[in-house]
Amino acid sequence: MQPTLYFSRNPNPRLAVAVAKHLAAPVTYEWAAPLVPGEDVRFRPLNPSLRLPILAEADGGSLFEADAIACRLSQLVGSDFWRSGPELPDMIRWVSWSRDNFMHACDMVHFERGTKLRYGLGALDEGTVARGLERFHHTASILDAHLSKQDWLLASGLSYADFRMSVFLPYNDVARLPLGDYPALDAWHARLLALPAWANPFEGLSAPELPPIP
Ligand SMILES: N[C@@H](CCC(=O)N[C@@H](CS)C(=O)NCC(=O)O)C(=O)O
């Protein structure tokens, strides 16, 4: 039996689905909502934080965190999308940097303008948006300089680091981050969107749309 990838249309589950689609990984896709009352009983043993994505393996084991799942899926199909060997430290460098820098900035803005309003988690905090945008400009300029020298984060080509770094960018209709201010970054984003698995990972999958933003 193949593993089950539990997902929703939110950013990190989207990332895991995009990886699985990009790698044509042998998984069964199942939309889930662990935070919905009553669902916790089923999902807590799979992920005590009740977050998606989750990869449930046939032997009963389960893995959560999109990065770990991407690593596992690459292993499963024998792909170098998650690098092994000499390039692994460079890939981890960008995955790690993204969490505290560019991705964090995108998350701050997307959470205020998107998630908070979608799920009724409180009023938009313009102070957090401003701090997120300031951080975005600082980190985007670092990425722009790097991506003006090469097409992808690693010199050898596309890797999981590109997907991880851009996890919030497919939601930019909502977050409205000024990507256009950074031409190399914007061109990199366009190259990502030319990949069918990144542009439309949910194609063919049964999954309700996210709640609209009022
Ligand atoms: N650090 C985790 C973050 C997981 C997370 O925060 N998932 C959110 C979506 S981005 C979630 O499960 N939200 C509830 C849902 O989508 O039903 C990862 O990288 O996988």
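Bear in mind the structure is a predicted one, so any value in this text is a computation, not a measurement.

## Here we look at the site of the ligand
In the neighbourhood of the ligand, the contacting residues comprise Ser-8, Asn-10, Pro-11, Asn-12, Pro-13, Ala-33, Leu-35, Arg-51, Leu-52, Pro-53, Glu-65 and Ala-66. Looking at which element gives the most residues to the shell around the ligand, the answer is helix α1 (residues 11–23), with three residues. In terms of residue class, the shell around the ligand is built from seven nonpolar, three polar and two charged.

## Some thoughts on the pairing of strand β1 (residues 4–7)
Each regular strand shows side chains that alternate between the opposite faces of the sheet. Across four bridges, the pairing between β1 and strand β2 (residues 28–31) is parallel. Looking at the pairing, Thr-4 lines up with Thr-28 of β2. For the crossover that starts at β1, traverses α1 and ends in the parallel β2, the hand is right-handed.

## Let's talk about the sheet that holds β1
Pairing is mixed in the open sheet, where four strands are placed in the order β2-β1-β3-β4. In the strand order of this sheet, the two ends are held by β2 and β4 (62–64), each with one partner. Between one strand axis and the next, the sheet turns through 20° on average, direction left out of account. In this sheet, strand β3 (residues 54–56) lies alongside β1 in antiparallel orientation, the contact comprising three bridges. In the strand pairing of β3, Leu-5 is matched with Leu-55. The sheet strands contacting α1 are β1 and β2, and the helix crosses β1 at an angle near 145°.

## Things to note about the domain arrangement of the chain
Split into domains, the chain comes out as domain 1 (4–82) and domain 2 (86–196). On the domain 2 side, the residues contacting the eleven residues of domain 1 number ten residues. For the side of domain 1 that touches domain 2, the elements supplying multiple residues, two or more each, are α1 and α3 (66–77). The element best represented in the side of domain 1 that touches domain 2 is α1, accounting for seven residues. Tallied by class, residues from the side of domain 1 that touches domain 2 come to seven nonpolar, two polar and two charged.

Here is what the cut-offs are and how they apply
- Residues numbered from 1 in each chain as written.
- Predicted model: local features only at pLDDT ≥ 70, side-chain atom pairs only at ≥ 80, totals over all residues.
- Near = placed C-beta within 6 Å.
- Helix = DSSP H or I, 4+ residues; strand = E, 2+ residues; numbered from the N terminus.
- Nonpolar A, V, L, I, M, F, W, Y, C, P; charged D, E, K, R; others polar.
- Pairing = 2+ DSSP bridges.
- Right-handed = clockwise from strand over helix to strand, strands pointing away.
- Axes fitted to C-alpha atoms, helices over the stretch in contact; angles between N-to-C directions.
- Contact = placed C-beta atoms within 7 Å.
- Domains from an automatic or database assignment.

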